[in-house]
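Breakdown of the fold
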Amino acid sequence: MTVPLHTPGEMIVRVDLAERSYDIVIGRDLLSSLGPRVAALRAGAAAAIVTDATVAGHYLAAAEDSLAQAGVRAVRVVVPPGEATKSWSALERVCDALLAANIERRDLVIALGGGVVGDLAGFAAAITRRGLDVVQVPTTLLAQVDSSVGGKTGINSAFGKNLVGAFHQPVAVVADTALLDTLAPREFRAGYAEVVKYGLINDAGFFAWLESNAGDIFAGGPARDHAIAVSCRAKAAIVARDERETGERQLLNLGHTFGHAFEAAAGFSDRLLHGEAVGLGIALAFGFSQRLGLVAAAEVERVTAHLGTVGLPVRPSEVRGRPPSIDELMALIGQDKKVKRGKLTFILARGIGKSFVASDIDANEVRAFLTESLD
Ligand SMILES: NC(=O)c1ccc[n+]([C@@H]2O[C@H](COP(=O)([O-])OP(=O)(O)OC[C@H]3O[C@@H](n4cnc5c(N)ncnc54)[C@H](O)[C@@H]3O)[C@@H](O)[C@H]2O)c1
Ligand SMILES: [Zn+2]
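What comes next is a walk through the structure. (Residues numbered from 1 in each chain as written. Chains lettered and ligands numbered in written order. Predicted model: local features only at pLDDT ≥ 70, side-chain atom pairs only at ≥ 80, totals over all residues. Heavy atoms only, no water.)

1. A few points about helix H1 (residues 34–41)
- Buried within H1 are the following residues: Leu34, Gly35, Pro36, Arg37 and Val38.
- Considering only its buried residues, H1 is in contact with strand E2 (22–27), helix H2 (53–69), strand E5 (108–113), strand E6 (133–138) and strand E9 (172–176). (Buried < 20%, exposed > 50% of the residue type's maximum accessible area, 1.4 Å probe, protein only. Helix = DSSP H or I, 4+ residues; strand = E, 2+ residues; numbered from the N terminus. Contact = heavy atoms within 4.5 Å.)

2. A look at the site of ligand 1
- Contacts to ligand 1 come from 25 residues, most closely from Glu83, Gly115, Thr139, Thr140 and Thr182.
- Take Asp119: an N or O atom from its side chain is 2.9 Å from a nitrogen atom of ligand 1.
- A distance of 2.6 Å separates an oxygen atom of ligand 1 from a polar side-chain atom of Thr140.
- Out of a free accessible area of 880 Å², ligand 1 has 88% covered by protein chains.
- Looking at the shell around ligand 1, the elements that each hand over two or more residues are H2, helix H4 (115–127), helix H5 (141–147) and strand E8 (160–167).
- For the shell around ligand 1, the element with the highest residue contribution is H2, accounting for 4 residues.
- Across the shell around ligand 1, the residue classes break down as 7 nonpolar, 9 polar and 9 charged. (Near = heavy atom within 4 Å. Polar contact = N/O pair within 3.5 Å; in protein donor to acceptor, adjacent residues only side chain to side chain. Areas by Shrake-Rupley, 256 points an atom, 1.4 Å probe, with all protein chains shown as cover. Nonpolar A, V, L, I, M, F, W, Y, C, P; charged D, E, K, R; others polar.)

3. Points about the sheet that holds strand E3 (residues 47–52)
- The mixed open sheet is built from 7 strands, whose spatial order is E1-E2-E9-E6-E5-E3-E4. Since the sheet does not close on itself, it has two edges, and those belong to strand E1 (11–15) and strand E4 (74–79), each with one partner. With direction set aside, neighbouring strand axes in the sheet form an average angle of 20°.
- Bridge count for E2 against E9 is 4 bridges, and the pairing is parallel. (Pairing = 2+ DSSP bridges. Axes fitted to C-alpha atoms, helices over the stretch in contact; angles between N-to-C directions.)

4. Topic: the coordination of the zinc ion (ligand 2)
- Protein-derived coordination of the zinc ion (ligand 2) comes from Glu194 (OE), His256 (NE2) and His274 (NE2), at a distance range of 2.0 to 2.1 Å.
- For His256, a relative accessible area of 7% corresponds to the buried category. (Donors = N, O, S within 2.8 Å, 3.2 Å for Na, K, Ca; no water.)

5. A few points about the nonpolar core
- Membership of the largest hydrophobic core comes to 79 residues, with the highest contact counts inside it found for Ile24, Tyr192, Leu200, Phe258, Val366 and Leu370.
- For this core, the leading source of residues is helix H8 (residues 222–241), giving 10 residues.
- The contact partners of Tyr192, leaving out residues within four places of it in the chain, are Leu141, Leu210, Ala214, Ile217, Phe218, His306 and Val310.
- Core analysis: the next-biggest nonpolar cluster, separate from the first, contains 25 residues, Ala90, Cys95, Ile103 and Val164 among them. (Core = buried A, V, L, I, M, F, W, Y, C linked by side-chain atoms within 4.5 Å.)

6. Considerations on the environment of Ala261
- Within the secondary structure layout, Ala261 lies in helix H9 (residues 256–265).
- Judged by relative accessible area, Ala261 falls into the buried class, the value being 2%.
- Considered as a pair, Ala261 and Val135 are 126 residues apart in the sequence and their alpha carbons are 32 Å apart.
- Every residue in contact with Ala261, bar those within four places of it in the chain, is listed here: Leu329, Leu332 and Ile333.

The structure is reproduced here in structure tokens:
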């Protein structure tokens, strides 16, 4: 083994789920240690690397070299980049490629990419041969702090996003933070909205730290790795307590009900990236909480100021293109969330770090709030 298994400065976050527990390893330049890690995880196993064409151009050779040096037989499955790849047809292609390459139950699928690859490869792994183990190697900030952790996998359907899928926890997550150096600044900023989310859910100290350290996080300094590790720890703790989202895990949807409505109205296009929609959605969730008399104006201003400082949208007017109508937004919100007798579920806040699940929100209140926000 030429590459050490432990690199200096790496951090480990454990996701505690009894027999489905696993480690998230976080640090710079971990990709070169992928081979030894895989070999240590499962001696003699082969690997199928699923990635998208853009990520392949940057990192596939390095991943393959590392596996080859550790004596791991590896095949590659390259899909087109973009949300459209979370489809039935791409799923079929990935499953067939795994079978054609004789990937067996004892082998491993390696999802090398952003949330699109992680969701697609994770789901293909969940259903091929009734379940193959997957190692997530997230390459976007969003994937490193959110989608690679927690086991949600899936594809989109004509009926909506993420409607076909499975819970399938990875056996390991390897988050090489140096890979983010090639990520487009806009994609990085979008992922940062999910980082802010963790502070706002239940960690006011982390939010305050982000306010002081965002510059270093965006510049790729040591604060970046710390922010990713804290985010993973926050998600791991919530997932460990509520793996299947029957209660507390819903808090991770802070900003997502409003956000999804704007994301869908923009056609899930590059007019509004998922993380940008989450930034806007968080600002709206705090604004709505203020309207309901739950949170002080000063707290709401701190939240919108921080999101705005890093360049995330905080007002509907900042979304490019034709603004959605109020009826369109209300229909999308109704679709997104279970509506029980005209009552909607929202994640609201009593303050920074004090988010809670509110399941009795009157749709008329939401309509009135959004009507004001759209002006
Ligand atoms: N499973 C979950 O819990 C969960 C949580 C949140 C989001 N998601 C899903 O994640 C998806 C969004 O993920 P995303 O934001 O990572 O998008 P993505 O996977 O589409 O990646 C964004 C773009 O960046 C490129 N890219 C990726 N890594 C790169 C790198 N290191 N350098 C240069 N370019 C790189 C990709 O090719 C792509 O074009 C959505 O489909 C969403 O539904 C899932
Ligand atoms: Zn999200």
